[in-house]
Amino acid sequence: MTKTFKAVIWDFGGVFTTSPFDAFARYEVREGLPKDFIRTVNAHNPLTNAWALLEQSKVSAEEFDGLFREEARALGHDVPGKDILALLSGEVRPAVVEALKVCKRHGKVGCITNNAPVGKGASMTNDSKKAEQLAEIFAQFDHLIESSKIGIRKPDPRIYALMCEALDVEPADCVYLDDLGINLKPAAQMGMTTIKVLNEDQLLADLKAATGYEVV
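Residues numbered from 1 in each chain as written. Predicted model: local features only at pLDDT ≥ 70, side-chain atom pairs only at ≥ 80, totals over all residues. Heavy atoms only, no water.

Chemist: Just checking my understanding: could you explain the overall build of the protein for this structure?
Modeler: Of the regular secondary structure elements, the protein holds eleven helices and five strands. For 216 residues, the compact-globule formula gives about 17 Å, and the C-alpha radius of gyration of the protein, at 17 Å, lands near that figure. Its C-alpha atoms give the protein principal-axis dimensions of about 55 × 30 × 30 Å. Once local pairs closer than 6 in sequence are excluded, the contacts in the protein between residues at least 24 apart make up 66%. Surface accessibility of the protein: about 10,400 Å² in total, with carbon and sulfur atoms responsible for 51%. Positive and negative side-chain charges in the protein, numbering 25 and 31 respectively, have mean positions lying 1 Å apart. (Helix = DSSP H or I, 4+ residues; strand = E, 2+ residues; numbered from the N terminus. Rg over C-alpha atoms; globule rule 2.2 N^0.38 Å. Contact = heavy atoms within 4.5 Å. Areas by Shrake-Rupley, 256 points an atom, 1.4 Å probe, with all protein chains shown as cover. Lys, Arg positive; Asp, Glu negative; His and termini not counted. Charge placed at Lys NZ, Arg CZ, Asp CG, Glu CD.)

Chemist: Sorry if this is basic, but what is going on with the nonpolar core here?
Modeler: Nonpolar side chains in soluble globular proteins generally cluster together in the buried interior. Among the nonpolar cores identified, the biggest contains 30 residues, and Trp10, Phe16, Ile137, Phe141, Leu177 and Leu207 are the most heavily contacted of them. Where this core is concerned, the elements lending two or more residues are strand 1 (7-10), helix 6 (94-106), strand 2 (108-113), helix 7 (128-138), strand 4 (174-178) and helix 11 (200-211). The leading source of residues in this core is helix 6, at six residues. Membership of the second largest hydrophobic core comes to 22 residues, among which are Leu33, Val79, Ile84 and Leu88. (Core = buried A, V, L, I, M, F, W, Y, C linked by side-chain atoms within 4.5 Å. Buried < 20%, exposed > 50% of the residue type's maximum accessible area, 1.4 Å probe, protein only.)

Chemist: Teacher, can you tell me more about the layout of surface pockets here?
Modeler: One simple way to see leftover space: roll a probe sized like a water molecule over the atoms. Of the voids in this model, the largest pocket is the one considered here, and its volume is about 950 Å³. For the lining of the largest pocket, the secondary-structure elements that each account for two or more residues are helix 1 (20-31), helix 2 (37-43), helix 3 (50-55) and helix 10 (181-190). For the lining of the largest pocket, the element with the highest residue contribution is helix 1, accounting for four residues. Classifying every residue of the lining of the largest pocket gives 17 nonpolar, 14 polar and nine charged. (1 Å grid on protein atoms, 1.4 Å probe; cavity = no way out; pocket = protein on both sides within 12 Å on 5 of 7 lines; lining within 4 Å. Points joined across faces, edges and corners; volume = space filled by probe spheres on them. Nonpolar A, V, L, I, M, F, W, Y, C, P; charged D, E, K, R; others polar.)

Chemist: Before we go on, may I ask you to explain helix 6 in this structure?
Modeler: The α-helix advances 3.6 residues per turn, and as a result positions three or four apart in sequence lie on the same side. Compared with an ideal rise of 1.5 Å per residue, which puts 13 residues at 18 Å, helix 6 spans 19 Å between its outermost C-alpha atoms and is within 8% of the ideal. Within the sequence span of helix 6, burial applies to Val96, Val97, Ala99, Leu100, Val102 and Cys103. Packing partners of the buried residues in helix 6 comprise strand 1, strand 2, helix 7 and helix 11. (Expected span 1.5 Å × (residues − 1).)

Chemist: How do you make sense of the sheet that holds strand 2 when you look at a structure like this?
Modeler: In any sheet, the strands associate via hydrogen bonds between backbone groups, in a parallel or an antiparallel arrangement. One open sheet accounts for five strands, arranged 3-2-1-4-5; its pairing is parallel. The sheet is open, and its two borders are formed by strand 3 (143-146) and strand 5 (193-196), each paired with just one other strand. Neighbour-to-neighbour, the strand axes of this sheet turn through a mean angle of 15°, independent of strand direction. Across four bridges, strand 1 lies against strand 4 in parallel orientation. (Pairing = 2+ DSSP bridges. Axes fitted to C-alpha atoms, helices over the stretch in contact; angles between N-to-C directions.)

Chemist: Would you take a moment to explain the environment of Phe12 for this structure?
Modeler: Relative to the elements of secondary structure, Phe12 occurs in the loop between strand 1 and helix 1. The buried category is assigned to Phe12, whose relative accessible area is 5%. When the C-alpha positions of Phe12 and Asn114 are compared, they lie 8.4 Å apart, and in sequence the two are 102 residues distant. With sequence-adjacent residues up to four places away left out, Phe12 is seen in contact with Thr17, Cys111, Ile112, Thr113, Leu134, Ile137, Phe138 and Phe141.

Chemist: Where do I start with the pattern of salt bridges in this structure?
Modeler: Pairs can form between side chains of opposite charge whenever their charged atoms are close. Inspection of the entire model under this criterion finds 15 salt bridges. In this structure, Asp173 engages Lys6 in a salt bridge whose closest nitrogen and oxygen atoms are separated by 3.9 Å. Taken together, the positions of Asp173 in the loop between helix 9 (157-167) and strand 4 and Lys6 in the segment before strand 1 put the pair 167 residues apart, joining distant regions of the chain. The buried category is assigned to Asp173, whose relative accessible area is 17%. Through salt bridges with shared partners, one network takes in Lys3, Lys6 and Asp173. (Salt bridge = Lys/Arg side-chain N within 4 Å of Asp/Glu carboxyl O.)

Chemist: Help me understand the environment of Lys129 in this model?
Modeler: In this fold, Lys129 is placed in helix 7. We classify Lys129 as exposed; its relative accessible area is 71%. Along the primary structure Lys129 and Lys185 are separated by 56 residues, whereas in three dimensions their C-alpha atoms are 35 Å apart.

Following this line, the structure appears as structure tokens:
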């Protein structure tokens, strides 16, 4: 028998859209960079590096461009930060959007996204048509938390607590989905049921198994 949940809380990039890691990999091949180089740069000093500062709106996109480039050079390769920002917006996964609608019929839905003050709206895309499409998804959440607007980013436990407070639910009554294990850990420690998103089919299967909702 599946547990009855009051809320399903979602990450956005890499969950509702294809992972930016795929775009990173294509860029690395095109530019002759080592495999996973961009992720390696982002993993150095993860709480204080250029990426962390951008997602808390502590630096501008222009400042990020130079800071990321310095960090990349320190690891042996010249990569402008502006190139990375252009890779962030993936393609929408329609089946996941439909799953969101199913979850909303059963309870509350929230979104916690680590994003940056770049592009058009929360999705960080510069494509007006895509921004409009993604804005329609964001509008379906009962509550949306953007790291760039509140100055706190995952995996800071406070951001999950803020979502629970906004939805008026206890962590134990929530499912949380994210494509990064580091962001799932605090949610699990608070008592949430967590799902690590690897791909669309796995997401839907695990969500159905956890909730019993007919999402596939």
